[in-house]
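Secondary and tertiary structure notes
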Amino acid sequence: MDTNTPQCYNSQLKPSYHGNGQRYTSPTNGKCKRLIVQSVDPKLIDTWEERNLSSKIPPSTKLAAWLINTIINPSRDVFLWLFVWPVYIFALLMPSRNPAFSHFYRPYLMRFVGHLWAARSQREYSLRSQPGEDVRCRTHALFPRFLIAVIKQKPYIAITYCYSDMMQSGNGAEVLIQRSQDATLGQGFDASRTEKAQDLYRMSDVYRRASFTLIMLSDEKGWAAWGGPLLSHELRYKAGENAVTPIKLFQLAALAYSHAYHNEESQITNSWDVLEKDRDLQLKEESQIINFFALGKDPLERLDRNLQLKEAIWRRFSSPAEERYRAEKVYALMGFFEHRILPDAAETELQALARLFMANDNDRIADRMISMFPRDKKAMNQWYTKEDEYGAKLWDIEPAVQVIGVTSNGALVLDGCRAAAIRWKNFPHVAFATRRSIRRLLALAWPYLAWFLIVVGIPLLATGNQGENTTNMSLCLVNGSYTLCDTKNTGELPQAAAGIAMLVIAIVLLLFAPFLTTYGHSGQVVLARPWLIGVRGVISAQQASKYLYGVQLGDSRRTFYTPSGSLLAKPTKDDSKFREGHVSQYEAALAAPPFDPIEGHMFTLVDTVSGTIYYFRAHRPPTVCLFTGTEGGQGRFVLCSGKCSSSELVRETVLRMPSYISTHMNACDWVALCGEA
């Protein structure tokens, strides 16, 4: 690795030089640091460093937990109790720094610092913009621009054909031209021909204004290969040397898509007999999408139709050819959208889809897809998602972000995000508050009262002992005369007894101090500083509470299992009348293999605001949590890892967390998400 070449740049555009491995942006100073992950079973991993589970709670809290556990569950270490107890007593006097409280999670201090490949706004510079390109060029017209200039709005017919069908032989182009001219003349039209490659993006306008559309096939078997757009005006077709034959739209759908219901070796000898025998095939899948496309007046139905059209077009086979657009299927799809985009030979399908969806922002397709959890785990980092793992439809998601551009890697650049950093190196010292109680306040005060008794009792005991060992000279009357005599100071004895009593009471209180302080910090957590803490491996809700707040006395539950927040979540059903997560999800996560080649490692995420624990799989520890939308009464939170070299984020998983925790997240600058590898 070249140490003289910057590996990344921070939000202030200052270069950073470091080695390989997973990095993260420090929420404290914004520096790029190597990721350290706490793990249940630490291993040597090349991409990040692993350590044992640890917590930054005060030493007195940790020692109190050990002392209580040793008494409740005696072991061979019980003899150490008398040695650990004095250390705990002095730890109570050690000044500890109280954790600062904040209403917000730790911020994400990085932003996308690169150039946009394509931008939503014309005021933003984009890499694909070329000198002299008219960005305000009309993309939707009643008449095709070039055809108006050439044929001056004369009646014309549109001819469509399948490249793989008509170009099988070397002279396929000449045969196609000759048959087209013969058919055109036979229908009473002028046989002059005009083509314009730049009008490819307006083909829907060409078909819409044509007198009719003529489909050219090599023979009757060419239906299976032909898969162009199906429109709602008059159609005619010509197969081989046969005559031009009118065809209705529903008949066309059944013929053109008959490959979905017949194997490749089958041959249709009489198309009309097939239609009569099997009417149900006419209304299947792709034919339904096309035939009823114009009926989708409702925005949600239109949104669904657009996605179904995309899937139908993507199933079409494209034969390899020179100078073919890589995103040609996107350009075929845009004919069904209100606004079109100019083709670009250098862009990929994801980049073209992003530009198409940004141009037709009334449906906010790309904004919604960011929040979806792909069912295909291999396409986790591709923003386009066909099916959601949680079973939600695209229109079920209410986006909270806006896609404002796409990068050279195909990542979407988002604006309006709320983000939070995830802590992985250890459990922090969390500032929290429990329900107020006089008993808990007294329990916390007793150990310090014991030290007060010690401070007062030791001087009293010392003074009493000193007075007991001293004598006083005084005049005494003996046999009618005065003489000197010794008298002992018996008045100091009660003072020494008081000192001894204070010391005894103090020692008894200190012996019970571990229980008193633990009880004082026990109870229901009503308020805690927002933190997102990650662990590689599986820990229970009780373990998470112990690492966060220490051991407690009582049955108050401080951390809960999620009822529907992850794929491993399981809610309580008939066995409880409350909506909460079932403990069986912990058992299932614990029994699952720690690593899956497709889905990745098993991780645990703890949220202190909602007091919820989540189990999920990912290939890398996510370091950033993005709030991108809501769905079904829950928020959609995208957990991402960072690629500092391109200042982009990689989607690792999607969780359903309470929507209100997004108010505890800081707003962040532009972020780029879901780019191609």
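The paragraphs below set out a description of the structure included in this document.

Quick notes on the rules
Residues numbered from 1 in each chain as written. Predicted model: local features only at pLDDT ≥ 70, side-chain atom pairs only at ≥ 80, totals over all residues. Heavy atoms only, no water. Helix = DSSP H or I, 4+ residues; strand = E, 2+ residues; numbered from the N terminus. Buried < 20%, exposed > 50% of the residue type's maximum accessible area, 1.4 Å probe, protein only. Expected span 1.5 Å × (residues − 1). Arc of directions from axis to C-beta. Phe/Tyr/Trp six-rings, centres within 6.5 Å; stacked < 30°, edge-to-face > 60°. Lys NZ or Arg CZ within 6 Å of the ring centre and 35° of its normal. 1 Å grid on protein atoms, 1.4 Å probe; cavity = no way out; pocket = protein on both sides within 12 Å on 5 of 7 lines; lining within 4 Å. Points joined across faces, edges and corners; volume = space filled by probe spheres on them. Nonpolar A, V, L, I, M, F, W, Y, C, P; charged D, E, K, R; others polar. Polar contact = N/O pair within 3.5 Å; in protein donor to acceptor, adjacent residues only side chain to side chain. Patch = residues over 30% accessible without salt bridge, like charges linked within 9 Å, V, L, I, M, F, W, Y side chains within 5 Å. Areas by Shrake-Rupley, 256 points an atom, 1.4 Å probe, with all protein chains shown as cover. Salt bridge = Lys/Arg side-chain N within 4 Å of Asp/Glu carboxyl O. Lys, Arg positive; Asp, Glu negative; His and termini not counted. Charge placed at Lys NZ, Arg CZ, Asp CG, Glu CD. Pairing = 2+ DSSP bridges. Core = buried A, V, L, I, M, F, W, Y, C linked by side-chain atoms within 4.5 Å. Contact = heavy atoms within 4.5 Å. Axes fitted to C-alpha atoms, helices over the stretch in contact; angles between N-to-C directions. Left-handed = near helix turned anticlockwise from the far one by under 90°.

**Looking at unusual backbone geometry**
The phi angle at Leu13 is positive, at roughly 65°, despite the residue not being glycine. By secondary structure assignment, the location of Leu13 is in the loop between strand E1 (8–9) and strand E2 (15–16). Judged by relative accessible area, which is 52%, Leu13 ranks as exposed. The phi torsion at Ser647 lies on the positive side, around 50°, for a residue other than glycine.

**Some points on helix H2 (residues 81–93)**
Compared with an ideal rise of 1.5 Å per residue, which puts 13 residues at 18 Å, H2 spans 19 Å between its outermost C-alpha atoms and is within 8% of the ideal. Here H2 has its buried residues at Trp81, Val84, Trp85, Tyr88, Ile89, Ala91 and Leu92. End-on view of H2: buried residues confined to an arc of 160°, all on one side of the axis. Along H2, the residues that are exposed and aim more than 90 degrees away from the buried face are Leu82, Phe83 and Phe90.

**Looking at the packing of aromatic side chains**
Considering all chains together, one arrives at 13 aromatic pairs under this definition. Taking the centre distance of 6.4 Å and the plane angle of 35° together, the rings of Tyr561 and Tyr615 count as tilted. On the criterion of sequence distance, the pair formed by Tyr561 in strand E21 (residues 560–561) and Tyr615 in strand E24 (residues 612–618) is long-range, its members being 54 residues apart. Sitting over the face of the ring of Phe373, Lys377 holds its NZ or CZ atom 5.2 Å from the ring centroid. Looking at Arg440, its charged tip hangs above the ring of Tyr519, at a distance of 5.8 Å from the centre.

**Examining empty space enclosed by the protein**
Taking a probe equal in size to a water molecule and rolling it over the atoms shows the remaining empty space. Scanning all chains against the criterion turns up three cavities of 30 Å³ or more. By volume, the largest cavity is sized at about 210 Å³. Listing elements by their share of the lining of the largest cavity, those giving two or more residues are E1, strand E3 (23–25), strand E26 (634–643) and strand E27 (648–657). If one sorts the elements of the lining of the largest cavity by residue count, E3 sits on top with three residues. Taken together, the residues of the lining of the largest cavity sort by class into 10 nonpolar, six polar and three charged.

**Points about the side chain of Glu580**
Position of Glu580 relative to the elements: it lies in the loop between E21 and helix H18 (584–591). Engagement of the side chain of Glu580 in a polar contact is seen with the side chain of Arg557, the distance being 3.0 Å.

**Thoughts on a nonpolar patch on the surface**
Together, Ile438, Leu441, Leu442, Trp446, Leu449 and Phe452 make up a nonpolar patch on the protein surface, roughly 610 Å² of accessible area in all. We classify Phe452 as exposed; its relative accessible area is 51%.

**Section: the side chain of Glu648**
By the element assignment, Glu648 lies in strand E27. An unpaired buried charge is present at Glu648: no salt bridge exists, and Lys643, the closest side chain of opposite charge, is 4.1 Å distant. A distance of 3.2 Å separates polar atoms of two side chains, one belonging to Glu648 and the other to Asn409.

**Describing the pattern of salt bridges**
Counted by the stated rule, this structure contains 14 salt bridges. Residue Glu50 pairs with Arg536 through a salt bridge whose shortest N-O separation is 2.3 Å. Pair noted here: Glu50 is in strand E6 (residues 49–52) and Arg536 is in strand E20 (residues 532–536), with a separation of 486 residues, a long-range link. Look at Glu50 and you get buried, because its relative accessible area is 11%. Salt-bridge contacts for Glu652 lead to Arg620; the nearest nitrogen and oxygen are separated by 3.7 Å. Separated by 32 residues along the polypeptide, Glu652 in strand E27 and Arg620 in the loop between E24 and strand E25 (624–631) bring together distant segments of the chain. By relative accessible area, which is 8% here, Glu652 ends up buried.

**Description of a positive patch on the surface**
Judged by side-chain charge, Lys31, Lys33, Lys56, Arg97 and Lys425 come together as a positively charged surface patch. Along the chain, Arg97 turns up in the loop between H2 and strand E7 (118–119).

**A look at the pairing of strand E15 (residues 418–421)**
If a strand is regular, its side chains alternate between the two faces of the sheet. Where E15 meets E25, four bridges bridge the pair, whose relative direction is antiparallel. Bridged to Ala420 within E25 is Cys625. Where E15 and strand E28 (residues 666–667) come together, two bridges link them in antiparallel fashion. Within the sheet, the bridge partner assigned to Ala419 lies in E28 and is Asn666.

**Quick notes on the nonpolar core**
Residues Trp383, Leu414, Leu626 and Leu673 are the most contacted members of the largest nonpolar core, which totals 52 residues. The greatest single-element share of this core, amounting to seven residues, is contributed by helix H12 (residues 349–359). Beyond its immediate sequence surroundings of up to four residues, Leu673 is in contact with Ile370, Ala411, Leu412, Leu414, Leu626, Val638, Cys640, Leu649, Val650 and Arg651.

**Quick notes on the packing of helix H1 (residues 59–72) against helix H16 (residues 513–520)**
Look at H1 against H16: their axes get within 9 Å of each other, and the N-to-C directions meet at 115°. Like other packed secondary-structure pairs, H1 and H16 cross with a definite hand, here left-handed. Here H1 contributes Ala64, Leu67, Ile68 and Ile71 to the contact with H16, which in turn contributes Pro514, Phe515, Thr517 and Thr518. Residues of the contact of H1 with H16, tallied by class, amount to six nonpolar, two polar and no charged.

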